[in-house]
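Residue-level structural notes
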Amino acid sequence: MYIKYLNCTIGRESKNWVDFNFFGHQLTAHLKQKKAKKTLISTNFVDNKKIPITHFGIILTPLEWQELADHLLKLKINFIVKPYTRFKNQTGEQSTMFIEDPSSNFLEFKSFKNDENIFKN
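Described below are features of the structure shown in this document.

Rules used throughout
Residues numbered from 1 in each chain as written. Predicted model: local features only at pLDDT ≥ 70, side-chain atom pairs only at ≥ 80, totals over all residues. Heavy atoms only, no water. Helix = DSSP H or I, 4+ residues; strand = E, 2+ residues; numbered from the N terminus. Buried < 20%, exposed > 50% of the residue type's maximum accessible area, 1.4 Å probe, protein only. Contact = heavy atoms within 4.5 Å. Areas by Shrake-Rupley, 256 points an atom, 1.4 Å probe, with all protein chains shown as cover. Lys, Arg positive; Asp, Glu negative; His and termini not counted. Charge placed at Lys NZ, Arg CZ, Asp CG, Glu CD. Core = buried A, V, L, I, M, F, W, Y, C linked by side-chain atoms within 4.5 Å. Pairing = 2+ DSSP bridges. Axes fitted to C-alpha atoms, helices over the stretch in contact; angles between N-to-C directions.

Here we come to the overall build of the chain. For the chain, the helix and strand inventory stands at one helix and nine strands. If you list the helices and strands of the chain from N to C, you get β-β-β-β-β-β-α-β-β-β. Over its C-alpha atoms, taken along the principal directions, the chain stretches across nearly 50 × 30 × 30 Å. Evaluated residue by residue, the chain yields a buried proportion of 31% over its 121 residues. Counting contacts in the chain only where the partners sit at least 6 residues apart, residues at least 24 apart contribute 46% of the total. Of the roughly 8600 Å² of accessible surface on the chain, a fraction of 51% belongs to carbon and sulfur atoms. Looking at the chain, you have 18 positive and 12 negative side-chain charges, and the mean spots of the two groups are 10 Å apart.

Here it is as structure tokens:
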């Protein structure tokens, strides 16, 4: 998924783990021997959307975000939250989307209208 859908490249790897170049950051994925039973997703409402409580993500430039959104839409990936812009006309206006990887990790990709507002309320 990280290579096919997100265009990540492989760095170091072994039989049980692999490092991905995750948009210029290192992301390490370990092989899990036994598949865990799928459970319900715990969520909170943010901007009237169910957002997975446990997630991680990355901030992209607006162009990078749009190119990734277009790429994933073209591949018809199953989104947890489809690409959209939230908090319109507010300090934290941002484009965001959420997907789930094969290990049930929830990934958020976002881009801010104004990077100066990334940590402002």
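Right, let's get into unusual backbone geometry. Not every positive phi belongs to a glycine, and Phe23 is a case in point at roughly 55°. Within the secondary structure, Phe23 is located in the loop between strand E2 (17-22) and strand E3 (25-30). Among the residues examined, Phe23 registers a relative accessible area of 29% and is labelled partly exposed. A positive phi angle, near 60°, is found at Phe87, a position not held by glycine. Looking at the element boundaries, Phe87 is found in the loop between strand E7 (79-86) and strand E8 (94-100).

Position of Trp17 among the secondary structure elements: in strand E2. Owing to a relative accessible area of 26%, Trp17 belongs among the partly exposed residues under this scheme. Separated by 14 residues in the primary sequence, Trp17 and Leu31 have C-alpha atoms spaced 5.8 Å apart. Discounting residues that sit within four places of it in the chain, Trp17 has contacts with Arg12, Thr28, Ala29 and His30.

Core analysis: the largest hydrophobic core is formed by 19 residues, its most contacted members being Tyr2, Leu6, Phe22, Leu72, Met97, Ile99 and Phe109. At the level of secondary structure, the elements contributing two or more residues to this core comprise E2, helix H1 (62-74), E8 and strand E9 (106-112). When residues of this core are assigned to their parent elements, the largest contribution, four residues, is made by H1. Not counting chain neighbours up to four residues away, the residues in contact with Tyr2 comprise Asn7, Cys8, Phe20, Phe22, Leu27, Phe56, Asp101 and Leu107.

On to the sheet that holds E2. One open sheet accounts for three strands, arranged E1-E2-E3; its pairing is antiparallel. On the outer flanks of this sheet lie strand E1 (9-13) and E3, each paired with one strand and no other. Direction aside, the axes of adjacent strands within the sheet are offset by 30° on average. Pairing of E2 with E3 involves six bridges; the strand directions are antiparallel. For Asn21, the partnering residue across the bridge sits in E3 and is Gln26.

What follows is about the pairing of E1. Judged from the three bridges that link them, E1 and E2 form a sheet pairing that is antiparallel. Counted as the bridge partner of Glu13 is Val18 from E2. As consecutive antiparallel partners, E1 and E2 are separated by three residues.

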